[in-house]
Protein chains: 2
Amino acid sequence: MSLPHAILTALLEKPSSGLELTRRFDRSIGYFWSATHQQIYRELGRLEEAGYIRALPGDGPVRGQRKAYEVLPAGSGELARWVGGSQDPKAIRDPLLLRVRAAAVVGTDGLLAELRRHLELHRRQLALYEAIEERDFPPGRDSDEDRLRRLVLHGGIGLETFWLRWLEEALEEVGGMADLPGGDPDAAGPADGAGAP
Amino acid sequence: MSLPHAILTALLEKPSSGLELTRRFDRSIGYFWSATHQQIYRELGRLEEAGYIRALPGDGPVRGQRKAYEVLPAGSGELARWVGGSQDPKAIRDPLLLRVRAAAVVGTDGLLAELRRHLELHRRQLALYEAIEERDFPPGRDSDEDRLRRLVLHGGIGLETFWLRWLEEALEEVGGMADLPGGDPDAAGPADGAGAP
DNA sequence: AAGTACATGTAACAGGTTACATGATTCA
DNA sequence: TGAATCATGTAACCTGTTACATGTACTT
């Protein structure tokens, strides 16, 4: 239940049409909650029906034509409720960690190159976030709003930094293995791997 | 497309029934790829039909009765292919970061308590991972399989550590704000927040 | 008049979540 | 025999993804 709230946030920052939102979900907000244009149009319809947003007047309901939305009081109310509510953090669900675990049973063939590729991708993403911080949050300006948005950006920076460190450790470990082919069942470690308490 | 591979990995580590798998997805593998029992049974059916796994002989197709599966050669082949393949890292999609960003426009009411709650949850999770490392990976044992599994665990430890640090920063920032009520549009920062290059 | 970019949608499907249903086994 | 537990499954729904469809505005 986060996409509607992501859209409400984006529209509060600036009333927009579906396509403008789509563009902003390719950067900005999209760095922390991505969405395709199909999702956005579907959700705009629902939000309008729920009375959270409305189409700005002056636009007939024509198909190929721009239609901009703004948030209604009920919408910002719902958003504020959501911000202050309680939501457990979601469990980790990462394919790369899973692949390393699978490599322990079927071998690391091809894994090293993939780890190097990910390292490079995360380096670029980190550089991007750091450039944004320098550009959008120069020292001196620090309204509460700015501080909160910089805090979010620091989340992104921290996550990318984590991945860089982990990938460096992974490259060292996997690089030192002689391409361990199909996992030898008799040599396997604890049956349940990183198991339970 | 990761759930089938998570199941193949779990079954290669130890042939199991659906319920046993469900239990192991509540810990162990589940720390990095969670799944409910409904997902698991659905996927077991598909994997069997695809010829990747088979039910261990000796079990009639009775409803309420235990049915254990093992991985066939085609299954470990598919898993090895998947490990060595190419998959881009997924973009960040985190509700808590999104909520902080929303707080910049609708106010931080209720946020502080939620941040504290998350801090406590992540502390516990980190302690759990550290206990597992101590228990399952004592110094001395270091087969390639063990090193890979410990590497995965270090991923979990690194992620939890990141969250702890970020939440501490967040508590300091948000704690210093006088509960900033509804966002004042005129005082808002850059229209697109942490924007684009 | 044709092509391209802009803009809004529909349809079909896969993966994940929640609620419920059914049968077998054990034990009081 | 009735309740609790183990075990497997069905159904409905929501979110996210991919492919495609339709219409407008601008340029050449």
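All values derive from a computational prediction rather than experimental measurement.

About the thresholds
- Residues numbered from 1 in each chain as written.
- Chains lettered and ligands numbered in written order.
- Predicted model: local features only at pLDDT ≥ 70, side-chain atom pairs only at ≥ 80, totals over all residues.
- Heavy atoms only, no water.
- Axes fitted to C-alpha atoms, helices over the stretch in contact; angles between N-to-C directions.
- Helix = DSSP H or I, 4+ residues; strand = E, 2+ residues; numbered from the N terminus.
- Parallel < 35°, antiparallel > 145°, perpendicular 65-115°, else oblique.
- Left-handed = near helix turned anticlockwise from the far one by under 90°.
- Contact = heavy atoms within 4.5 Å.
- Nonpolar A, V, L, I, M, F, W, Y, C, P; charged D, E, K, R; others polar.
- Core = buried A, V, L, I, M, F, W, Y, C linked by side-chain atoms within 4.5 Å.
- Buried < 20%, exposed > 50% of the residue type's maximum accessible area, 1.4 Å probe, protein only.
- Near = heavy atom within 4 Å.
- Polar contact = N/O pair within 3.5 Å; in protein donor to acceptor, adjacent residues only side chain to side chain.
- Buried area = accessible area lost by both parts, 1.4 Å probe.
- Salt bridge = Lys/Arg side-chain N within 4 Å of Asp/Glu carboxyl O.
- Least-squares fit on C-alpha atoms with pLDDT ≥ 70 in both.
- UniProt positions renumbered as here; feature names shortened; annotations may be inferred.
- Phe/Tyr/Trp six-rings, centres within 6.5 Å; stacked < 30°, edge-to-face > 60°.

*Asks:* Provide a residue-level description of the packing of helix α5 (residues 95–106) of chain A against helix α7 (residues 144–175) of chain A, including the pertinent values.
*Replies:* Residue and element names in this part refer to chain A. In contact at an axis separation of 13 Å, α5 and α7 are set at 15 degrees when each is read in the N-to-C sense. With respect to α7, the axis of α5 lies roughly parallel. When the axes of α5 and α7 are compared, the crossing they make is left-handed. Residues Leu-96, Leu-97 and Val-100 of α5 touch α7, and the partners they reach there are Trp-163, Trp-166 and Leu-167. By residue class, the composition of the contact of α5 with α7 is 6 nonpolar, no polar and no charged.

*Asks:* Which residues make up the nonpolar core, and what are the values?
*Replies:* In this structure, Trp166(A) and Trp166(B) are the most contacted members of the largest nonpolar core, which totals 108 residues. In this structure, Trp166(B) is in contact with Leu151(A), His154(A), Gly155(A), Leu96(B), Leu97(B), Val100(B) and Leu115(B), ignoring residues within four places of it in sequence.

*Asks:* Account for the protein's contact with DNA strand C, with residues named and values stated.
*Replies:* In the vicinity of DNA strand C lie 24 residues, with Leu19(A), Tyr41(A), Lys67(A), Gln38(B) and Arg42(B) positioned nearest. In DNA strand C, atoms within 4 Å of the protein come from the sugar-phosphate backbone in 60% of cases. Within the side chain of Arg93(A), one N or O atom sits 3.3 Å away from a phosphate oxygen of DNA strand C. A distance of 3.0 Å is found between a phosphate oxygen of DNA strand C and a side-chain nitrogen or oxygen belonging to Gln39(B). Of all elements in the fold, only α2 (18–24) and α3 (37–49) of chain A together with α3 (37–49) of chain B reach the threshold of two or more residues within the surface near DNA strand C. Element by element, the count of residues in the surface near DNA strand C is highest for α3(B), at 4 residues.

*Asks:* Requested: an account of the interface of chain B and chain A, with residues and values cited.
*Replies:* Across the boundary between the two partners, chain B contributes 95 residues, which contact 95 residues of chain A. Contact between chain B and chain A buries roughly 8,800 Å² in total, counting both sides, with carbon and sulfur atoms accounting for 63%. At the surface where chain B touches chain A, the tally comes to 8 salt bridges. Inspection of the chain B/chain A interface yields 30 residue pairs in polar contact (both at pLDDT 80 or more). Of all the elements in the fold, those that place two or more residues in the side of chain B that touches chain A are α1 (3–13), α4 (73–84), α5 (95–106), α6 (111–136) and α7 (144–175) of chain B. Element by element, the count of residues in the side of chain B that touches chain A is highest for α7(B), at 23 residues. Its residues assigned to classes, the side of chain B that touches chain A shows 47 nonpolar, 22 polar and 26 charged.

*Asks:* Would you mind going over the relation of the copies chain B and chain A in detail, with residue names and values included?
*Replies:* For the pair chain B and chain A, the best superposition has an RMSD of 0.1 Å and corresponds to a rotation of 180 degrees with a translation of 0.0 Å parallel to the axis. Given the turn and translation reported, the copies of this chain are related as if by a two-fold rotation axis. When each C-alpha of chain B is compared by its distance to the rotation axis, Phe162(B) comes out closest, at 3.4 Å.

*Asks:* Break down the protein's contact with DNA strand D for me, citing the residues and quoting the values.
*Replies:* Lining the immediate environment of DNA strand D, one finds 22 residues, of which Arg42(A), Gln65(A), Leu19(B), Tyr41(B) and Lys67(B) sit closest. For DNA strand D, the fraction of atoms within 4 Å of the protein that belong to sugar or phosphate moieties is 60%. Gly18(B) is positioned with one of its backbone polar atoms (N or O) 3.4 Å from a phosphate oxygen of DNA strand D. Here Arg93(B) contributes a side-chain N or O atom positioned 3.5 Å from a phosphate oxygen of DNA strand D. Broken down by secondary-structure element, the contributors of at least two residues to the surface near DNA strand D are α3 of chain A together with α2 (18–24) and α3 of chain B. Tallying contributions element by element places α3(A) first for the surface near DNA strand D, with 4 residues.

*Asks:* Tell me about the pattern of salt bridges, residues and numbers included.
*Replies:* Per the stated rule, a full pass over the model turns up 30 salt bridges over all chains. The salt bridge involving Arg66(B) is made with Glu20(B); its shortest N-O contact spans 2.8 Å. In this pair, Arg66(B) is assigned in the loop between β2 (53–55) and β3 (68–71) and Glu20(B) in helix α2, connecting sequence segments 46 residues apart. The exposure class assigned to Glu20(B) is partly exposed, which follows from its relative accessible area of 29%. Across the pair Arg117(B) and Glu114(B) runs a salt bridge whose closest N-O atoms are separated by 3.1 Å. In this pair, Arg117(B) and Glu114(B) are both assigned in helix α6, 3 residues apart and thus about one turn of the helix distant. Arg117(B) sits in the partly exposed class, given a relative accessible area of 28%. Taken together, the shared-partner salt bridges connect Glu13(A), Arg24(A), Arg149(A) and Arg101(B) into one network.

*Asks:* So, the UniProt feature "domain: Transcription regulator PadR C-terminal" (unreviewed entry) in chain A: which residues are in play, and what are the values?
*Replies:* Under the UniProt annotation, "domain: Transcription regulator PadR C-terminal" (unreviewed entry) lies at residues 92–173 of chain A. From the first C-alpha to the last, residues 92–173 of chain A spans 22 Å; its make-up is 83% helix and 0% strand.

*Asks:* Describe the packing of aromatic side chains, naming the residues involved and giving the relevant values.
*Replies:* Residue and element names in this part refer to chain A. In total, this model carries 8 aromatic pairs over all chains according to the counting rule given. Ring geometry for Phe-32 against Tyr-129: centres 6.2 Å apart, planes inclined by 20 degrees, an arrangement best described as stacked. One end of the pair, Phe-32, is in the loop between α2 and α3; the other, Tyr-129, is in helix α6 (residues 111–136), and 97 residues separate them in sequence. Put simply, the rings of Tyr-31, Phe-32 and Tyr-129 touch in pairs and so form one group of aromatic residues.

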